[in-house]
Amino acid sequence: MTATRALGVCYYPEHWPEAMWPEDARRMTDMGIAFVRIGEFAWSRLEPARGRLEFDWLERAIDTLHDAGLKVVLGTPTATPPKWLVDEMPEMLPIDVEGHARGFGSRRHCCFSHEGYQRECVRIVTALAERFGTHDAVVGWQIDNEYACHDTARSWSAPALQGFRLWLAEKYGNIDRLNFAWGNVFWSMDYPDFHSVELPGLTPSEHNPAHRMDFYRYSSDQIARFNRLQVDVVRQLSPGRDVIHNFMGRTLTFDHFKVGSDLDISSWDCYPLGFLEDRLEVDDAWRQRFMRTGDPDLQAFHHDLYRATSKGRWWVMELQPGPVNWADHNPAPRDGMIRLWSWEAFAHGAEVVSYFRWRQAPFAQEQMHAGLLRPDSVEADGADAAKTMSEELARLDLPPTETAPVAIIFDYASSWAWETQPQGREFDYFRLIFDFYRGLRARGLSVDFLPPDTSDLSAYQMVIIPGLFAWNETLVTALRSYTGLVLAGPRTGSKTSSFSIPETMPPDLPAPIIDVTVSQVESLPANCPVPIAGADGTLKFWREFLEPGADCNVVVESQDGQPVLVRQGNFHYLGGWPDSALLARIINDLGQQAGLSLLALPDELRVRRDGAVTYAFNYGERAIDLETVGLSGTYLLGESTLKPSGVAIIEA
Amino acid sequence: MTATRALGVCYYPEHWPEAMWPEDARRMTDMGIAFVRIGEFAWSRLEPARGRLEFDWLERAIDTLHDAGLKVVLGTPTATPPKWLVDEMPEMLPIDVEGHARGFGSRRHCCFSHEGYQRECVRIVTALAERFGTHDAVVGWQIDNEYACHDTARSWSAPALQGFRLWLAEKYGNIDRLNFAWGNVFWSMDYPDFHSVELPGLTPSEHNPAHRMDFYRYSSDQIARFNRLQVDVVRQLSPGRDVIHNFMGRTLTFDHFKVGSDLDISSWDCYPLGFLEDRLEVDDAWRQRFMRTGDPDLQAFHHDLYRATSKGRWWVMELQPGPVNWADHNPAPRDGMIRLWSWEAFAHGAEVVSYFRWRQAPFAQEQMHAGLLRPDSVEADGADAAKTMSEELARLDLPPTETAPVAIIFDYASSWAWETQPQGREFDYFRLIFDFYRGLRARGLSVDFLPPDTSDLSAYQMVIIPGLFAWNETLVTALRSYTGLVLAGPRTGSKTSSFSIPETMPPDLPAPIIDVTVSQVESLPANCPVPIAGADGTLKFWREFLEPGADCNVVVESQDGQPVLVRQGNFHYLGGWPDSALLARIINDLGQQAGLSLLALPDELRVRRDGAVTYAFNYGERAIDLETVGLSGTYLLGESTLKPSGVAIIEA
Amino acid sequence: MTATRALGVCYYPEHWPEAMWPEDARRMTDMGIAFVRIGEFAWSRLEPARGRLEFDWLERAIDTLHDAGLKVVLGTPTATPPKWLVDEMPEMLPIDVEGHARGFGSRRHCCFSHEGYQRECVRIVTALAERFGTHDAVVGWQIDNEYACHDTARSWSAPALQGFRLWLAEKYGNIDRLNFAWGNVFWSMDYPDFHSVELPGLTPSEHNPAHRMDFYRYSSDQIARFNRLQVDVVRQLSPGRDVIHNFMGRTLTFDHFKVGSDLDISSWDCYPLGFLEDRLEVDDAWRQRFMRTGDPDLQAFHHDLYRATSKGRWWVMELQPGPVNWADHNPAPRDGMIRLWSWEAFAHGAEVVSYFRWRQAPFAQEQMHAGLLRPDSVEADGADAAKTMSEELARLDLPPTETAPVAIIFDYASSWAWETQPQGREFDYFRLIFDFYRGLRARGLSVDFLPPDTSDLSAYQMVIIPGLFAWNETLVTALRSYTGLVLAGPRTGSKTSSFSIPETMPPDLPAPIIDVTVSQVESLPANCPVPIAGADGTLKFWREFLEPGADCNVVVESQDGQPVLVRQGNFHYLGGWPDSALLARIINDLGQQAGLSLLALPDELRVRRDGAVTYAFNYGERAIDLETVGLSGTYLLGESTLKPSGVAIIEA
């Protein structure tokens, strides 16, 4: 079986004279591009004033692309409501925690809880889907754009307050249950009724974490609900088309599994250099080392995550084709990296890799963001990469992606929990999960992410569950019958879903699974780690004091004699945040027990092992001999000496 | 004579099923606890709706404690007004400098200037005092909780504005006097009348310091006034009980001497690890070194300070019993430290040391704050410490605390002055005083703090007056007749009480006391200190250029030839902020002249010498031989080899 | 021809008892002071209530100064509108970007767009000019004080919004042209009409840069317009007097050329130590090294800049006479530096150097700011400097300043452009220009600044144009006929005036001038510079990828083989931000080609070569032998061994 793999590009016909469109379309086709995403910010040109729909230009644009043999993904323009709409209903603006409206003039100036805005979105999407839903060229829809970007998942607006109160009323039924669940007896925080509950805004001291947690859940639910409104319209009026959203990187303020479950395809916007510069806690030397390549694990992490959110089908909707405009520093990618990033996405199972954008816009906010073409239509570096990719894709038949040997449970709610209650400044859920992910990748292991309510783990040889704040019955049931190795902790099972410490104490598991109690925890500054006994490695940031039961054995101890890793049967509990040395040791030991095939990869070499095919990527500055790390087979692409920015595809 | 020394604990019966109360009380008694503080956040359970007083549960709780032989300190719940009250009068919320209300949902959501809130507080306290004021178990009252915590001393609310204008009218009589006192001619800041005076809110450039200073005085006065309202009720309705407030650490936004003078007992909430992490300017190495012990001088500093604020009687109301939840990092205390901290408080004269809290709450904001018991009622580390303490206290008869040989004048208004006008980024009053305090302690000297209007200094061999912004007549009169050594400066006497430079120039003292003029000052970054001539040591942060008169001698000079320390008779003026080396030299020289018994203690060893008894505390990681630092006598507790976290009590 | 050079002082008679005025005046004269600036903050004393004008005291003050032979510069008091006026029209307050009014209580609490405030300013200035406009002592007027200080150039007020809309309507004529010019099609930002345009306030993501740019232009224009209102009054009612404004250092939020063109004299407020501490990006070692002297180039930079803004005539209106009160740290100047700073100003052509202030005020905001006298009227260090200066000035006949050999184009709009779109965190226009300026000065070159619309460059041997965001026709025409050497870039010509990338791509110059294309740019963190081939030096912060045309030669290349400096005829384009080593090499090479006389000066030695006269200044801590750097001639002042803080004047 051969997987479909194709290239795409993001295009804004409204930005360019109509006379340029046919030539643009021709050049796209020549470059090997198959998919074009258009329309997702065009509301003011589709409806310049209320009710004045001007769709003809869009039809001509779609026709032009169609004539050139291109397939169109049509974006709904709801991330950029036009000025006339905002002036009609200014209370649709999102309100920040200080009470300031975040106004018109950029994008995402809309509160997900505002019903008028929701109504208007359904109206414009309906009109678009009626007109274009069955157009032959339209093969997919992108709903909105980058939900929650620019910190817009949460709004402290009047509609949000009203919505939150209703959501709470529905969840708790009566106010006593809310007061009990939140522990409002503490500090006399009892609410007399649902109508008196406030949003967690400015208060003298910190909020009740249960209150914040429910507000974050509500805010996430609003996005899922908003997305569904549009999905329903599109599915009805545009049958047979793929419904897609383009998620951002390291955005955790809403549950992507929930949104993704309403989609056909999850896609994401992949900016390796911008993300390394602005969105990752690494030291200066690391940032400098990978400045022009991106972090070696961050792209793969998101590829694997978004492969999970819509059950396997996923795209890269936007791939960085050169310097971007929005990070603190915006260097140019190293030669070959655009191709490497493209191949890495396909290696992790992407159906389409789409570059952002066709031609660099000379005006407005993103004028310093590279495109495949320069503003003067001359080809930029990305164009070469696209051409090379289309040639290589055409040449190679590669199988679809398979299940990985290792799974990590990924839970958006846990990120809200530790955002609410880090307890130590560094305790961040993404950061914790990413450390485990990097540790697995350093051993050459391929990883699947799973949602927290996974009911069947049997496909995996090893399951990793760090930082899961609260268990759910489905997962616990799955664990009871699971026979592979499990590694849980730190903080896993340390709360109830109501954000309390469980009555049976963390990790809140029945003794048959593991009989251990976390009696106390501590958070630690970076310069005060806890050394491990008899080996390299420390616990950093976080340490738990464990009391193992009779059937629970201590596997790793700290130098001060406390249990660090304990084991009962196939279940391991880790009482702290491991540094890379300790994590390497644990993964090595458990991996060997689980019968996994382990490699020892240098930082700059990463592989994706997918069934019989191994993909290798060199993020480093020196050529690497792949045989020295144990890789061999038939080279479908590349060779055993993997140059900087090099890609190799090896069949066993 | 033997001092009473006892243990206490903070307890929240409303957080637990009533069925657990008797067992809790029994276990407290078994642990050697004598005092229980309750009730201070319970308003919403004492009055769930306006006028619906539900005091029965509290009576049953008090009775239960009483039955177990425990004494109760009853807190007034005014730091947590319930939601129904805030909804009745939302204008009671404090307003921050940007004009935002700091709302319901945590605690201290109340503006001290709001008369409706004051009235409601008097009402609920009256009802409580009528019901429980003569209950046999109730031996004391805690008024409110941690005034000014969470930056709530100052409010930019409409009631505060109104109150400030009246306060100014009363202080100045007519607006011309205010305009003159503040120097409002500068920048045309004249006010036409008191009704036009604003709070020092957002302005393009900085405020007039005299304006800020009066606002800070007003804000402090409001707290003293608020406290007195409740004290008056309690004294009338609950005669013979001790009236207490629990101050926080390093909180200087109101005058604790003023509040303390209305109390019987000052208490404070002592969190050694949290304070070191969040509230002290020390370098990373120092923070790391004492991460699990707390700073060796910070607890003692507050013990000595709060011993002064209510004329000798003081408690620790809350002592950290394990990791807390609110600092940037929250490590676990080292073994033995809870006992050490307990003993150190008693060494400085505490009557009661009370642990916060009995059982860790599994819910709400402080669920990660340790208690003596874990949430599942299993004993945590603090329980052991309490048991040890109660045994040792029972075994030892120790005399009451005596007057120390050295006094430091401590002035809250000076902290507001230098907060208003640091002139150099690091100039902070607490930090300055703490440096002097640490310097004295490093020489084994015990210290009393004195209020700025002290009229009699004769009990002391040496008096230290750093950074006192303005003299008062009482203190100057006391100095005229004082024959011990005085060390004043830097910045002492550099302002009038109206925040002007004195006509006679700083330090603004008559020539018979000392004839020296500060002709110019400069503030310095940390990396540009002024080296001292002929010895180690520098001036850091702050340097003054001194012009000594004929009878004033230069004792220490800078390498660039400027006088640094000058002396006239018993009076020394120090023209700068000494680093530890210079300060050690000065304290050594002056101490020898004053006939003080000086030790040379390493950083991690601290002693409290109190009459014939010496208490020694090892904050370090290695055992210390106390004989090598010159300590000997009969060991009432411990031995001459003082282990880490060790306590020794030695009788001469 | 001999230039007039004189001393001045800033004086506030309203701060002192009238009885002190005659003695003050006498002492000023004795000190050699000729000019006194007064009155600029006195509105509340000139008009204590609406319409109650009290000018008599000011007349007595002027008369007193006049009687002592002093000349008066009278300030208009419009930077400090009194409380009664603000209470009459509170909507005159400036509003910050978050919507908060910046209220009364300091200064500059006024929005330049508010018409009522403008009217009131015209009224009070008219009254002053009617009363004092023809007073014999009044030789000049200072309009307002330090425009834009305390970040007050821009206001998000209702009047500003209204004014901005009208300004846009006037500029663009119809809304379609605005939408097109700004590229509002991007993100559906089209405005339906001018009345719907918003100020660039709080938005979820960034603003359209064209929108911000126009708002910054509008804000700058408002200041020029405001200034002109007062200038018109003064010119009419006080004929023959010099009209002056006192600009601040490193203030770029309005176009000083525009304001300066309405003045007779530009003056500036020169605080060398405060500016080094707070307003310059230098490393700690540099800040420490020059802590007591100020940066060796920063004063000269502003002298040269403000010599340009009013076509040659300029003063220092306020010179630091000792420690100031407003920087993070406020050290005392090193001995001799006040004289050095005074002489340096004269060396760059100042007519008057005026010290701020006469006597240190003991009250209000600036009580820690030194004066020539201490608060107790004793002479402070500045007084000595003034006396020395007046003696030396009287002794020396020095010619007026001449045209420099090198010019730098300085463009305020470019600073707004890169503030709006730095693209890399460090890209700041002032910082870039200052680097070039320092590089020229290190070679002993004197510099003139020129406005961006300069039409004739022929007086200069070399013209430097870094970072000019957009060309104007006048300058391009001048360049076409210019035969000296030109050095442009980085980012020069990279935008149109509408903030778009030019159609012909940067640097947007016709091929006859230079045929090169910037195909791509990148911004770089400080630790990732781009090394130059074959020599020391790097590009830091910013690098451009250049495509030179056939007639364009590569002069400098990077180690990775990219052109860095290209040349076509006399025109050089530099594709990046040079570090000091690369810049030194370029200036050396170009300077030699241009036939300039180059020196090689150590960091701490700076010279001003002005025709036949060379002024030398030693900012260092060691004496420097001027002959070793190639300076010789007749010493009018000083000698060849230039001591620390030393000044030498050498005639060829």
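Everything here concerns the structure above.
Residues numbered from 1 in each chain as written. Chains lettered and ligands numbered in written order. Predicted model: local features only at pLDDT ≥ 70, side-chain atom pairs only at ≥ 80, totals over all residues. Heavy atoms only, no water.

What about the environment of A:Arg425?
Consideration 1: With respect to the secondary-structure elements, A:Arg425 resides in the loop between helix 15 (412-420) and helix 16 (429-442).
Consideration 2: For A:Arg425, a relative accessible area of 55% corresponds to the exposed category.
Consideration 3: The sequence separation of A:Arg425 and A:Ser219 amounts to 206 residues, and the corresponding C-alpha distance is 24 Å.
Consideration 4: A:Arg425 has contacts with B:Asp328 and B:His329, leaving out every residue within four places of it along the chain. (Helix = DSSP H or I, 4+ residues; strand = E, 2+ residues; numbered from the N terminus. Buried < 20%, exposed > 50% of the residue type's maximum accessible area, 1.4 Å probe, protein only. Contact = heavy atoms within 4.5 Å.)

A look at the packing of helix 12 (residues 298-309) of chain C against helix 16 (residues 429-442) of chain C
To characterise two packed helices, one gives the angle between the axes of the helices and the distance between these axes.
Residue and element names in this part refer to chain C.
Consideration 1: Packing of helix 12 against helix 16 brings their axes to within 10 Å, and their N-to-C directions diverge by 100 degrees. Relative to helix 16, the element helix 12 lies roughly perpendicular. Here helix 12 contributes Leu-298, Ala-300, Phe-301, His-302 and Asp-304 to the contact with helix 16, which in turn contributes Phe-430, Ile-433, Phe-434, Tyr-437 and Arg-441.
Consideration 2: Along the lines of polarity and charge, the residues of the contact of helix 12 with helix 16 split into seven nonpolar, one polar and two charged. (Axes fitted to C-alpha atoms, helices over the stretch in contact; angles between N-to-C directions. Parallel < 35°, antiparallel > 145°, perpendicular 65-115°, else oblique. Nonpolar A, V, L, I, M, F, W, Y, C, P; charged D, E, K, R; others polar.)

Thoughts on the interface of chain A and chain C
Consideration 1: Each side of the interface is counted separately: chain A has 53 residues, and chain C has 49 residues.
Consideration 2: At the boundary of chain A with chain C, the tally comes to five salt bridges.
Consideration 3: Seen at the junction of chain A and chain C, the total is 26 residue pairs in polar contact (both at pLDDT 80 or more).
Consideration 4: Those elements that place two or more of their residues in the side of chain A that touches chain C are helix 2 (43-46), helix 4 (83-88) and helix 11 (284-289) of chain A. (Salt bridge = Lys/Arg side-chain N within 4 Å of Asp/Glu carboxyl O. Polar contact = N/O pair within 3.5 Å; in protein donor to acceptor, adjacent residues only side chain to side chain.)

As for the packing of aromatic side chains
A ring pair, where both rings are aromatic, is described by two values, the distance of the centres and the angle of the planes.
Consideration 1: Tallying each qualifying case throughout the model produces 137 aromatic pairs over all chains.
Consideration 2: Plain terms: the ring middles of A:Phe257 and A:Tyr412 are 5.9 Å apart, the flat faces sit at 75 degrees to each other, and that makes the pair edge-to-face. Here A:Phe257 is found in helix 9 (residues 256-261), whereas its partner A:Tyr412 is found in helix 15, with 155 residues between them in sequence. Side by side, A:Phe257 and A:Tyr412 carry an identical accessibility label, which is buried.
Consideration 3: Here the aromatic rings of B:Trp16 and B:Phe363 are separated by 6.5 Å at their centres, their planes lie at 40 degrees, and the arrangement is tilted. Placement of B:Trp16 in the loop between strand 1 (6-10) and helix 1 (21-30) and of B:Phe363 in the loop between strand 8 (352-355) and helix 14 (381-395) is noted, with a sequence separation of 347 residues between them. The pair B:Trp16 / B:Phe363 is uniform in exposure class, with both members buried.
Consideration 4: Following the ring pairs from residue to residue traces out a cluster consisting of A:Phe112, A:Tyr117, A:Tyr147, A:Phe226, A:Phe247, A:Phe254, A:Trp268, A:Tyr271, A:Phe275, A:Tyr306 and A:Trp326. (Phe/Tyr/Trp six-rings, centres within 6.5 Å; stacked < 30°, edge-to-face > 60°.)

A look at the sheet that holds strand 8 (residues 352-355) of chain C
All names here are of chain C.
Consideration 1: An order of 1-2-3-4-5-6-7-8 is seen for the eight strands of this closed barrel, with the pairing classed as parallel. Recorded for the sheet is a direction-independent mean angle of 25 degrees between the axes of neighbouring strands.
Consideration 2: As judged from the four bridges shared by strand 5 (residues 242-247) and strand 6 (residues 265-270), these two strands associate in the parallel manner. Bridge pairing in strand 6 places Phe-247 opposite Trp-268.
Consideration 3: Those strands touched by helix 12 are strand 5, strand 6 and strand 7 (314-319), and its axis lies near 160 degrees from that of strand 6. (Pairing = 2+ DSSP bridges.)

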